[in-house]
Each structure stands twice: as C-alpha cells, then as structure tokens.
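# Per-entry structural report
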Amino acid sequence: MGYTKEDIFRIVRDEDVKFIRMQFVDVFGALKNVAVMASQLGSALENQVMIDGSSVAGFADVSDSDLYLHPDLSTFAIYPWRPSRGRVARLLCDVYHADGTPFQGDPRGVLRRVQGKAAEMGYTMEIGPECEFFLFRTDDRGVPTTVTADEAGYFDLGPLDQGEATRREVCLNLEEMGFTVESSHHEMAPGQHEIDFHYQEALRAADDLTTFRLAVKTIAQRNGLHATFMPKPLEGKSGSGLHMNISLAKGGKNAFYDPNGPHGLSKEALSFIAGILAHIDALTALANPLVNSYKRLVPGLSAPCYKAWSASNRSALIRIPVIRGDRVRLELRSPDPACNPYLAFAACMAAGLEGIEKGLTAPEEVSEDLYAMSALERADRGVGSLPESLAEALRALKADSFVQDVLGEHIAGAYLTGKAAEWEKYRRQVSQWEHDQYLIQY
C-alpha cells in the first residue's frame, strides 16, 4: 500500500498507536527492531533512527558501526494481536550508512539490487511462498517440548487437529494486516501446518514471510503452544519446507508461458530452470541454512534430494504445477523456512535471470519417481544429488563466484564465516545416537 508520511501520522493518531517498531533483518534472517514512541515518529520517518551495527550478527565492526534505518513507508502496519489501546505498529527498514549510501550488509538491499537487474531486463518476479511449521506443547514452566498438540495427518480436520484454532487465528490476523492468505491446512506430520500466501513481487513476499514467522510464533505462544520453523524437529517424520512458487512477468504477460512450447513453457522458463540448476549447490547454502536442514533433505520423506525438474513429478527439485496460461509458474521445493528469504529469493532470481541472459538449456525432464530410481539410473539420466550437509553446501557457495557476487563481498564473507562456525560447533558434538550405537559395542 502506498502510504505517505501524512497517512502514517494520521493512522498513528486515529488508531492510538503508541509504539512503532523499526524492523530490519540480519545476515542470517533474524528479525531485529528498535521501538520508538509515537512522539518520535517524525524523527523515525526522517531516517534518524540509528543502530549499532557492531552488535548485529554479520553487520559491521566497531570502526564503522553507526548505521541508520530508512523506513519503507509501504510496509507500515498495525499488529492486530496487540492490545487495542496503546497499539503497536511496524515499519520494515532499509539500512544505510551515515553518509546516505546503502549499507552493503543489508539483506533487503541485496534483493532490491536483483529486482533492479530484473527491471533492466524488462522482468518482474513474483513469489508465492508455501510455508510449513510445527506447533508443539510447552511444559509446566513454559519450555518448548517436541510433544505435538494433535495426531492429525495431511488435510485432517479437528478434533484431531488441535492446532487448527491457532492456525485460524494466524490467518485472520494476517488478513487484517493486508496479507492475502490463499489456504491453510494440516500437513503430513503430527503438529505440522502449512499456510500459503498469494503471490507478490519478490521484496513484498520476503517482507511478508518475515512478518509471518513473527505472527505465528507470537500467536502460538499466546495460546500456550510453541511454534517452530526448524526444518526437521521430529525423527522419522516429514520436515518443514518453504516451497517457492516463482513466476516471471514481462510487458504485463507471464514470461514463462508459451502455448507452443514443451508443456506450455517458454524458452525463458526453461532457461530460468537451467540457471537455477546451474547454481543449485551454492543456492542450497542459502535456502537450507542450518545443520538440521539436511536431515530433511533425505529420500522418502517428501523433500527433494535430486537435481531434476518435471512438469508432473512431485519428487523433482523443480516442479511445474499443472496450471497454464497467465498463471504458469515453477515451484522450487528444496528451501526451508529457516532461510533468510531476502538472500534466498535474490539468489534464485539472479540465477534464473542469468540462465535467460545466457540462453542456457534445461536438461531433459524427469517424469519418473526419482526416489524409486537406482543411483545408476539417476546417473545415466545425468541427475545429481543436492548437497548432503551444510559443510558441503558451504563449499559450493565458496566456489560459486556468481552467487557470491549477488550477495556482495560483505554478506558473502559474513555468511560463510558464520555458517562455517556453526558447522564446526556441530562437528564437535557427541550425540545420543553415537552413545547408543557405540558406547557398549566398542
């Protein structure tokens, strides 16, 4: 929505807003904020709210730490789950240096740059996220457990689905904030849920996903539950994904559609697919950012493991849903909801656009069930595997100069350093599985 400063002043006054949260994200996608009182709104809208960048993960050191928040007026919204008196609103912000130049460590700025590149090529990219999450019970002290609040399954309805009321409340609150929620349902695993949004241009989609994660956690906590976007919290059950439904428009028309192309797909669509596949190992480090992410990307539990595309096959990494015409899209199925959406969306968009620029050719479609194929059959079809660990994905990112250039030197360096430290910390742990497996036997 195109708010002006005058609009925001009026809404704050008329709706009794007392606090405005000036929000931004760090390199790893964590939502941060500085809360200002309504009396300080004028200064905030004049970009005068300063933060200490040296205190934010991956941002800046003490020699260059004074950074300023420039609010995006279009993101102004009141939190409907907060009290009706003394209400709380938020503004998502871009981060700038004191001299007015964009801060190179701002993930939102990365996505803005890639959107600018797309605009130069005449394209607009839209994304419709399908975000999954778990709702768990808390113990008597309010500490999260992994005990689910239901025993429901895919598309089940209450009373089996005890999280239904929380899911409904999330949807209603998001709609009050201006979201277009397309659907919601119980997912495959006990306690697992999915809420899908209408497609938006990429920056708005990333903004919405960031707000969505906060809303789900806040409303679940209010209802005595713990919401988690951890990709794989339960052993032997499906993990949570963040399927990205991507479409590309040019001149007001869907650039992925060609009624005379294979499966109704244009050359741009096939080249976009080829571009993503060319960089998918490095993209995986961004789309699947946790040690735990790779415990979801295993055969047999719905998540993709192999680098292939299909117009009919849900085991493929990239799927083309059956709908055609102006709504044709591709679905990237590997990302998970722990990712920084600004970086993941930007890198995927840039890779696809490079595929179009270079006229890359997509490999042959794989319509068979990839899980049922042997390793030899997949090798004969030229189908490789996604990285199997965070360490493997980080090595791929370190070797991919294109994806690093998309991120920029600052973010690429900070991300690789932070995630390498995470992997090293994990590598030093001794798990209960190892005790159970080896302590007596050896």
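Described below are features of the structure shown in this document.

## What about the packing of helix H6 (residues 267-278) against helix H8 (residues 341-358)?
Orientation of H6 relative to H8, taken along the N-to-C sense of each, is 125°, at an axis distance of 6 Å. When the axes of H6 and H8 are compared, the pair comes out oblique. Like other packed secondary-structure pairs, H6 and H8 cross with a definite hand, here right-handed. The segment H6 lies against H8, with Glu268, Ser271, Phe272, Gly275 and Ile276 engaging Cys348, Met349, Ala351, Gly352, Leu353, Gly355 and Ile356. Here the residues of the contact of H6 with H8 sort into 7 nonpolar, 4 polar and 1 charged.

## Some thoughts on the pattern of salt bridges
Applying the stated criterion across every chain yields a total of 23 salt bridges. With its nearest N and O atoms 3.0 Å apart, the salt bridge here joins Asp94 to Arg112. Taken together, the residues Asp94 in strand E6 (residues 87-97) and Arg112 in helix H3 (residues 107-120) connect sequence positions 18 residues apart. By relative accessible area, Arg112 is classed as partly exposed at 35%.

## A look at the state of the cysteines
Simply put, the disulfide is a covalent bond whose two ends are the sulfur atoms of two cysteines. For the structure on display, the rule yields 0 disulfides. Of all cysteine sulfurs, the one in Cys339 lies closest to Cys131, which takes part in no disulfide; the gap is 8.4 Å. Of the residues examined, Cys131 reaches a relative accessible area of 0% and is grouped as buried. Free of any disulfide, Cys348 has its nearest cysteine sulfur in Cys339, 8.6 Å distant. Judged by its relative accessible area of 2%, Cys348 is buried.

## A closer look at the packing of helix H4 (residues 164-176) against helix H5 (residues 202-222)
Contact geometry for H4 and H5: axes closest at 10 Å, N-to-C directions at 135°. In terms of their interaxial angle, H4 and H5 are classed as oblique. The hand of the H4/H5 crossing is right-handed. Judged by residue contacts, Thr166, Glu169, Val170, Asn173 and Leu174 of H4 engage Phe212, Ala215, Val216, Ile219, Ala220 and Arg222 from H5. Classifying every residue of the contact of H4 with H5 by side-chain character gives 7 nonpolar, 2 polar and 2 charged.

## A closer look at the environment of Gln432
Within the element layout of this structure, Gln432 appears in helix H13 (residues 432-438). Through-space distance from the C-alpha of Gln432 to that of Thr145 is 17 Å; in sequence the pair is 287 residues apart.

## Quick look at a nonpolar patch on the surface
Together, Trp433, Tyr438 and Tyr442 make up a nonpolar patch on the protein surface, roughly 440 Å² of accessible area in all. Positionally, Trp433 belongs in helix H13.

## Overview of the layout of surface pockets
Roughly 830 Å³ of volume is contained in the largest pocket. The wall of the largest pocket is formed by 45 residues, among which Glu130, Asn245, Arg319, Arg329 and Glu331 lie closest to the centre. In terms of residues, the lining of the largest pocket owes the most to one element, strand E13 (residues 242-250), which gives 6 residues. Taken together, the residues of the lining of the largest pocket sort by class into 13 nonpolar, 16 polar and 16 charged. Approximately 440 Å³ is the volume attributed to the second largest pocket. Lining of the second largest pocket is provided by 21 residues; of these, Ala30, Leu31, Thr210, Leu214 and Lys217 occupy positions nearest its centre. Among the elements of the structure, strand E1 (17-25), strand E2 (31-37) and H5 are those that each provide at least two residues to the lining of the second largest pocket. In the lining of the second largest pocket, the residues fall into 11 nonpolar, 5 polar and 5 charged.

Definitions and limits used
Residues numbered from 1 in each chain as written. Predicted model: local features only at pLDDT ≥ 70, side-chain atom pairs only at ≥ 80, totals over all residues. Heavy atoms only, no water. Axes fitted to C-alpha atoms, helices over the stretch in contact; angles between N-to-C directions. Helix = DSSP H or I, 4+ residues; strand = E, 2+ residues; numbered from the N terminus. Parallel < 35°, antiparallel > 145°, perpendicular 65-115°, else oblique. Left-handed = near helix turned anticlockwise from the far one by under 90°. Contact = heavy atoms within 4.5 Å. Nonpolar A, V, L, I, M, F, W, Y, C, P; charged D, E, K, R; others polar. Salt bridge = Lys/Arg side-chain N within 4 Å of Asp/Glu carboxyl O. Buried < 20%, exposed > 50% of the residue type's maximum accessible area, 1.4 Å probe, protein only. Disulfide = S-S within 2.5 Å. Patch = residues over 30% accessible without salt bridge, like charges linked within 9 Å, V, L, I, M, F, W, Y side chains within 5 Å. Areas by Shrake-Rupley, 256 points an atom, 1.4 Å probe, with all protein chains shown as cover. 1 Å grid on protein atoms, 1.4 Å probe; cavity = no way out; pocket = protein on both sides within 12 Å on 5 of 7 lines; lining within 4 Å. Points joined across faces, edges and corners; volume = space filled by probe spheres on them.

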